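Fold and contact review
What follows is the residue order along each chain.
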Amino acid sequence: MAQRLNAGAMVVAVVAGLFPAAAGAGTSLPDGLTADELIKDAVNAYEAMDYDRALPLLSEAERLPGLSKIVRITILKYRAFILILEGKEILARDAVTVIYDLKPDFELPQTVAPKFRIFFAGVREDYKPKTKPKKAQTDRILTVQPVPPAPAPRVQRTSPPAPEAPNWFVRWWPSWTCLAAGTALAVPGVIIGLDVKSGQDELKNAQRDDAGHIIGMTYDEAKSLQNEADKKGLTSTILLGAGGAVVAAGIALFFVYDGAAPATGRTSVSVSPGTDGRSLLLHLGGGF
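Parameters at a glance
- Residues numbered from 1 in each chain as written.
- Predicted model: local features only at pLDDT ≥ 70, side-chain atom pairs only at ≥ 80, totals over all residues.
- Heavy atoms only, no water.
- Helix = DSSP H or I, 4+ residues; strand = E, 2+ residues; numbered from the N terminus.
- Buried < 20%, exposed > 50% of the residue type's maximum accessible area, 1.4 Å probe, protein only.
- Areas by Shrake-Rupley, 256 points an atom, 1.4 Å probe, with all protein chains shown as cover.
- Contact = heavy atoms within 4.5 Å.
- Expected span 1.5 Å × (residues − 1).
- pLDDT = per-residue confidence, 0-100.
- Phe/Tyr/Trp six-rings, centres within 6.5 Å; stacked < 30°, edge-to-face > 60°.
- Salt bridge = Lys/Arg side-chain N within 4 Å of Asp/Glu carboxyl O.

With that out of the way, let us pick up the overall build of the protein chain. Helices and strands together make up the secondary structure of the protein chain, namely 10 helices and 2 strands. Secondary structure elements in the protein chain, listed N-terminal to C-terminal, are α-α-α-α-α-α-α-α-α-α-β-β. Here the protein chain holds 288 residues, and the buried ones make up 23% of them. Carbon and sulfur atoms provide 61% of the accessible area of the protein chain, an area that totals close to 21,200 Å².

And the structure:
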């Protein structure tokens, strides 16, 4: 009997170690807590960098009825902080956009980390309509003075010799090679980048409820879409950067390398005895 109890305890310990967030979720969300108490626990978990505990607490508080605008903004603010730290910028932008829907003049205090203030400012800049004030039109008087015609240039006509038609492929073959290799790298980068844009659009255009939350998919599915978009975006950036570097190298070689230097028109060969009297020296000469 004792061996069976020990085996059961080991199984529970293994499950709790493999799924700490699930194990903690059952004990960290007791019934009967008010929104202020849930938010307080979430803030404490956020300050302890326990984001897997903080996010469910914020979601539980948001589901309570009768929340004031200030309480909803507080919940969205800390959710945005956590998503920014986790690199989930698309989901973070959704949370910040809802904040500006609730309070268009919302601003973070100066005591908040600059990383968060810069992110919020960027979302707010995209959220506000970008209109430039029209400048008042003023009448200007222009005075035009006639300019005497310039003397006709003297042209000396000469008949230059007809240039030889260069073999472009042979002359700059390293440039063509680099351009072809750069294109081969850039094209997959562009294709992957379009796929990333498609995934981001799917996440941005997902159906949302009145609180601004994505519905029709779970949080884990949205998180998986975000991670997939991040990976593909990194791959696209690497391919485009490598392709651009190779193309730039090809352009540089176009102006530097010249593989078709003009050959000599005449070649002469002469033989003379060496200094030791037992060897011969071969002399090659040429001219244009």
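Next comes the rest of the description.
Now for the environment of Ile-75. Here Ile-75 lies in helix H5 (residues 69-85). For the pair formed by Ile-75 and Leu-57, sequence separation is 18 residues and the distance between their alpha carbons is 9.5 Å. Residues within four places of Ile-75 in sequence aside, it is in contact with Ile-39, Leu-58, Ala-61, Glu-62 and Leu-67.

What follows deals with helix H6 (residues 89-102). The end-to-end C-alpha separation of H6 is 20 Å, in line with the 20 Å expected for 14 residues at 1.5 Å each. Across the 14 residues of H6, 10 count as buried, placing the element largely inside the fold. Ile-90, Leu-91, Ala-92, Asp-94, Ala-95, Val-96, Val-98, Ile-99, Tyr-100 and Leu-102 are the residues of H6 that are buried.

As a further point, take the confidence of the model for the protein chain. Per-residue pLDDT for the protein chain has a mean of 73; in total, 59% of the residues score no lower than 70. Averaged pLDDT values for the elements of the protein chain fall to 33 in helix H1 (residues 2-18) and rise to 95 in H5. Here residues 1-28 is a poorly scored stretch, pLDDT under 50, and it has 5 contacts once near neighbours within four places are set aside; other chains count.

What follows concerns the packing of aromatic side chains. Overall, the coordinates contain 9 aromatic pairs when judged by the stated rule. For the ring pair Phe-81 and Phe-116, a centre distance of 4.3 Å and an interplane angle of 10 degrees mean the geometry is stacked. You can see Phe-81 sitting in helix H5 and its partner Phe-116 sitting in helix H7 (residues 114-127), a full 35 residues away along the chain. The burial state of Phe-81 is the same as that of Phe-116; both residues are buried. Three or more aromatic residues joined by ring pairs form one cluster here, namely Tyr-46, Tyr-51, Tyr-78, Phe-81, Tyr-100, Phe-106, Phe-116, Phe-120 and Tyr-127.

Let us now look at the pattern of salt bridges. Enumeration over the complete set of coordinates arrives at 6 salt bridges. Close ionic contact of Glu-107 with Arg-124 constitutes a salt bridge, the shortest N to O distance being 3.4 Å. Remark: Arg-124 occurs in helix H7 and Glu-107 occurs in the loop between H6 and H7; sequence separation between them is 17 residues. Since its relative accessible area comes to 57%, Glu-107 is described here as exposed. Note that Lys-232 and Asp-195 form a salt bridge whose closest N and O atoms lie 2.5 Å from each other. With Lys-232 in helix H10 (residues 219-256) and Asp-195 in helix H9 (residues 173-204), this pair connects stretches of sequence that are 37 residues apart. For Lys-232, a relative accessible area of 25% translates into the label partly exposed.

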